[in-house]
Each structure stands twice: as structure tokens, then as C-alpha cells.
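Structural features, examined
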Amino acid sequence: MSGLETTVASTCWECSTACGALVSVRDGKVVKVGPNAAHPHSRGAFCVKGIRALPESTYQDSRLRYPLRRIGARGAGGWARVSWDAALDEMADRLAELRARHGPLALAGAVSGAYFSRGAIVALLLRSLGSPNWMINQDLCGGCRAVSDLITGLAIGGAADLDHTNCALLVGRNPAAADPVQWSALKRAKQRGAAIVVIDPLRTQAADLADLWLRPRPGTDAAIGRYDKDFVARWCHGFDALAARAASFPAERAAELSGVPAADIERAAALYAAGPSTFASGHGIDAFSAGVQTFRAFHCLVAISGNLDRAGGNRRVKRPRGFRTYHDLLHDPAFRLPIEVERQTIGADRFPLWAGPDGWQTACHNPSVIYAMLTGKPYPLRALYASGVNIAVTYPDTRRTVEALRGLDFFAVAAHGMNPTAALADIVLPKTTALEEEEISLAPGTCCVNYTAPAVAPQGEARSDLAIARGLIDRLQARGALAGDFLPWPDQRAFNRYLLGDSAIDLESLRAAGYAEFPYELGNFAAQGFKTPTGKLELWSERLAALGLDPLPDYAPPRREREPAAVRERFPLILQTGLREKTYHHSRFREQAWARKVSPDPLLHIHPETAARHFVGDGDWVTVETSSGQGACRMRAEITDRAPLDVLITGMGWWRPEAAGPEFGALDVNVNAALSYGGPWDPITGSPDSRGLPCRLRRA
Ligand code: SF4
């Protein structure tokens, strides 16, 4: 007889939108996941990934349920089930041995992001071993925005107050695919009569909704540029220098650089100036070699227009007093390695605002880590532990990443299922999913702490990141291979209580509602302060100036325009990657039948004239190569006038579980197979170009 159905209030964290969720459980199994209309941030918005992909990744047959040890050659596909004790003992033995032979710096970690607990947990595990080396994917997603936000002093994250705005300025963002919460709010704003201005080379659904759509040439967004005199005088540093720089970009020059008519630029400026106005940015201006300065241009606009932390503007990230974020944990002196060790973080010498002790999340510069794995420079990097990240797919230059992983002395992966990264590991560990683990997080720019509930017991023997890390630390301690214990919490509950600290929020109230609200005061600049060297919003960045970098936002021509004419001739088109799809999140869910039914193939959006010139028909398979990549990528042509002439637009993250391993199609249908991770890099974050790339197209 089947039991009663119960409902658990939770938060989906399959992506950083973090929607409030209601999880229905019967007989110890999740039977439904849906939106929580009471959640103050998401207000009932939700997406198909939360509804379908989250339960499926928990219960699907291909779920990893037991630890596996490689049998035979690396990547040959032979695996034996082993106990947790055997898996963790082997990991501890190998890590201790390599640490003794090459030193702690030879060990590294990799996670998808620093926004969730697994980022802090893997970083603190590596620090416990004495290594500051851990990798995050934000050099490819969100990192340029975060560093610009930090050095300018705004602290707005990605939050935009669409519900009270008179003008929404969306740049390189299509919330219809990426963020159901923001998409719902944008539609409400439109109904209220707010002006919507979209800057995007692609005619997205947001562009369809817009009052004014500006279509710049890819990579020229920073060329588009009344201020609040009192606010600037009191809170901004470097206004005169910024004004002088801006004077060199009159609307006519911006029009010439971007291809957007000067009258449209002036109209957009007038709409934004009317205020209150909010700026919402997306992947479209992140992750490229001028990403931070492009963001700085928009962030300075937010600062001087007086739209910071006012209703209808851009709210600042605030937290309940006493609450600790994962970012706080990473920078807390109690959890740090000696400064001389952290200075050796790979990439800290070249990108100190990204990597190492003064870096945004203290993580490494990933392309330099891959280089170190392959060459032993600046020092050998011989072991990697990757959790919840599929770097063989998500890092540019797939062939090189695979070669680097293949050459490691030891490689362990924690995952929900087999994928092109796990397939190259020595040990594969089964991770819990967001239905099986407890997580708390701050929703940036809102007055809300979110709670993800362990709604059901883990499938098989899956364990959480913290349980895995704790098991390893105990074993490494017994082997004398620790520099310290930076994860002193016995379980997730103790860890989460530590994060809540002496805030007024407790786990019990979080468990009851799935979230907890806290008082949020707008415009309390004097109390909150600006975390910059001058204590003001830095239009002129003192941190950039001290590093010999341009302290003011500037325009850098897109990659294609910097290439020699011979390269432009051989690669006459422009490639934009990173377009979001509703069915997938980065490389996730490619194994799920429903998602593959909706989105069966990687799509390349091509303008009809470009397609005709290349004899490409709708639905044809085509091959794309870039001027700097070593490989190619096959995709299916979708011919549409939403794409600009001679600009090819695609997503990322494709692989096919049914293709031959260990790559499972990652060298074939994955756009990263056609890209380079070798620079040019953003001078501040080290981000590579993932758009504006010279490329060519042929029928496959
Ligand atoms: S947008 Fe979708 S995947 Fe992301 S948190 Fe919300 S429901 Fe989950």
C-alpha cells in the first residue's frame, strides 16, 4: 500500500537562479518537483530543468550509485565497484604519495563554481593538504562581471530590481532561456509600462519584448555610453577622469565602432537617464578578453546615474548580520594558508585580482593549470580531484584538456553519472543530488537566505561533498599528509550552522519555509560602505592602477578586428558561443531522454544570406573552425534572421553519452573542441575569448 504524500519546501540549485521549490515525497521517493509560489524571490517562477532534470538525475538508471575504480588503461572504460573505504584509502594513499614526491602544490581541485558549498568545500580540502590550487569555471561564465563589480565597489552581483524600475537595460542577456525569475519580472515590468532596452547581436525573445533593441557588432558593447551630481560628489572616485575618457566616445564614434545608429544610442541613453533604471547583464558580455573593462563601462553607468541601491535600480548584495557566505569562508583568515604559499597559486603572478591571495575567489587561472599539467611549469601539477564539474567538455580546447587529464599521475572525480571527465579518472565517487543534500545560500540582491532540503535518502551509496572531503581528511591525517584541517565540521548540518553563525536565522525555520527573509535597507551606503581602497565607488580603479592596468573603462576592439588581414580572409565569419538552452545547464542533462527529445542536436544559428553563400540548408550538419583552435565542431544549421549577417551563434556543453568513450562526442559536437584556451586573455581575470572569434564554416 502506498504511503501519504508529504511536501518539502526547498530550493532548486541546478543553476544559480535558485528558485524556491516544493518537493513532493511518497514512500521515500520524490514524485514531483515544482515551484514554491510563496518564495519571496522566485514568486512561483521555475523551469523545466527543476521539474524534469532534477528528479531524473537522481533516479535515472545511469546514476552513479557506488564508488568505482578504474581497471585497465585510463579511459578504456573498465571499472570495478569498490567500497567507500577502499576508494578513499586509495585516494589518500595516492595523494599522500604525490604530495611527498612533488610537494603539496602538485595537487589541485576543480569545481563548477564558487557560488555553492562544493566550491568552498573543495577549496578547503585542498588547503588542508597545503595546496592553494583549485579551479572554478567562472573565467568562462560570470567572472568578468564579478571582478568588475568588486573593484568598482558596487556589490550588485547580477541582481536587477525589475519590479520597481522605469527602464530595464539588458545587455547580452536573454532571461527567457537563462532565468525564469527575471523573465517573469521583465514581462511584469513591460505590462506596467516600463521601458525595455536590449543590447544584443542576436534577436532574442527579450529583444522581441523590447521598446528599443540595439544590435551592436559582436564584442563592441563597451562603445555604447547625465549623471547624478550629488551622488557622484559624495560617493564616487575619479569622475573627472571618467568624464574625460567618455568625451572621446561621442554617440557618433560609438555608432561607428558598434554599428548601432547614433540616434538609437541617444534614445537608449535618454530612457536610462529618466530612471529609476536597472542594468541586467548576461553571458553575452562576459568571458572574453575585454570582459572586465566592458562590464566596468556599464558598472560605472550604474554608479554615476544614482541607480545604485534604490528601488527600481540595482540592489546591493546584503546579508543578515552574523551570516557567512561561501565567499566569506574562502577569505576568512582562519581558513587561509600562509601568504607565501597562496602567492604560488597558479596564475596569481599574472592575474592577481583573479587568482591567489588577493583574487576574487582565490582560485587558479585555469589555462595556466592545464599548461602546468602538460609541461611541469611553473611547477609540476600531478593530481586532480574534480567534483561536480565536467571540465573535459566545459574548458576550451578539448583535445588539450583531455591530454592534460590523461597525463596526470592521479585523477579522482565525484559525479552523478559517467561523463567525458569521469571517464578519464582513476577513482569515480557517487555524489548526492540537490534532492538528497542540505544546502544554504544567500540569494544575491534579495532579502532572502535559501534552503535546499535533503528531501530523500541518497540513492545507493552516494555521499555529499562534505562527507567525501571529511573521509579524505581523516585518512590524510593518519598518513601525516595534512597542512591543517580547514574543514573542521563533522557533517553538513554542523557546517550549515556555522554559516548561519549568530544571525537570527536558524536551520529549523529554514527547514519549515525553504527560505528565511531578513531586513533589507536600501541606500545604506554609510553603514555598508564600499570595499575599495578609497572607500568610494571607484570609477577610477586604484587597484587596477596599482597593477599598471588601465584604471578607467575603455573600449577594446573585438578579437576579429585585431587579427591580421590574412587571418580575417581565411576565417571570414564571427563565432559567438554560450547561448543558453532551456533544456540543459552547461554540460548537464545530456543523458536525459526528455531533454534530448526537445533539443536533440547542437544548433548553430546562421543568417539566411550567410547560409546561402555557404550552400548550407536548414538542418544540415556543418563544421566550424576558428582561427586559434586546434580542432573543429559539428553542429546542425538553424537558419534564422534572428542571427546577424556573417555571425554564427551557438551554445556550449554538448557531448553524447551514446557516443564512443571516453570522449563521448566531446571532440566532435562540443564547440570547445574548436576553441583555444591559449589567449589572448582578459588582462584582469585571464578569461579567454568565447565570442567575436574569427571562424569559417563548411557543410559537414
Ligand atoms: S531556473 Fe530552473 S534549474 Fe535554475 S534554479 Fe530555477 S528551476 Fe532550477
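Each value, and the rule that gives it
- Residues numbered from 1 in each chain as written.
- Predicted model: local features only at pLDDT ≥ 70, side-chain atom pairs only at ≥ 80, totals over all residues.
- Heavy atoms only, no water.
- Phe/Tyr/Trp six-rings, centres within 6.5 Å; stacked < 30°, edge-to-face > 60°.
- Helix = DSSP H or I, 4+ residues; strand = E, 2+ residues; numbered from the N terminus.
- Buried < 20%, exposed > 50% of the residue type's maximum accessible area, 1.4 Å probe, protein only.
- Lys NZ or Arg CZ within 6 Å of the ring centre and 35° of its normal.
- Salt bridge = Lys/Arg side-chain N within 4 Å of Asp/Glu carboxyl O.
- Domains from an automatic or database assignment.
- Buried area = accessible area lost by both parts, 1.4 Å probe.
- Polar contact = N/O pair within 3.5 Å; in protein donor to acceptor, adjacent residues only side chain to side chain.

Before going further, it helps to spend a moment on the packing of aromatic side chains. Taken as a whole and assessed by the stated rule, the structure comprises 19 aromatic pairs. Ring geometry for W235 versus F525: centroids 5.6 Å apart, planes at 55°, classification tilted. Here F525 lies in helix α21 (residues 525-528) and W235 lies in helix α8 (residues 229-235), a separation of 290 residues in the sequence. The exposure class assigned to F525 is buried, which follows from its relative accessible area of 9%. Here F279 and F295 contribute two aromatic rings whose centre-to-centre distance is 6.5 Å and whose plane-to-plane angle is 65°, an arrangement assigned as edge-to-face. With a gap of 16 residues between them, F279 in strand β12 (residues 277-281) and F295 in helix α12 (residues 291-304) connect regions that are remote in the sequence. The burial state of F279 is the same as that of F295; both residues are buried. Three or more aromatic residues joined by ring pairs form one cluster here, namely Y326, F335, W489, F495 and Y498. The ring of W621 carries R634 above its face, with NZ or CZ at 4.6 Å from the centroid.

Another aspect to go through is the pattern of salt bridges. Opposite charge on two side chains makes pairing possible when the charged atoms of those side chains draw close. The tally for this structure, following the rule as stated, stands at 43 salt bridges. Here R74 makes a salt bridge to D426, at a shortest N to O gap of 2.5 Å. Note on R74: relative accessible area 13%, which makes it buried. Relative accessible area serves as the criterion here: at 6%, D426 is assigned to the buried category. Ionic pairing is found between R203 and D641, a salt bridge with its closest N-O pair at 2.8 Å. Where salt bridges share partners, they join D85, D89, D93, R475 and R479 into one cluster.

Much of the literature gives interface size as the accessible area that the parts lose upon coming together. Looking at the protein chain, the domain boundaries give domain 1 (6-59), domain 2 (68-139 + 326-434 + 456-501), domain 3 (156-316 + 524-546) and domain 4 (559-699). Using only C-alpha atoms to locate each centre, domain 2 and domain 4 end up separated by 29 Å. Here domain 2 and domain 4 share an interface that buries about 2,300 Å² over both sides, 63% of which is from carbon and sulfur atoms. Linking domain 2 to domain 4 there are zero salt bridges. Counting the contacts that link domain 2 with domain 4 gives 13 residue pairs in polar contact (both at pLDDT 80 or more).

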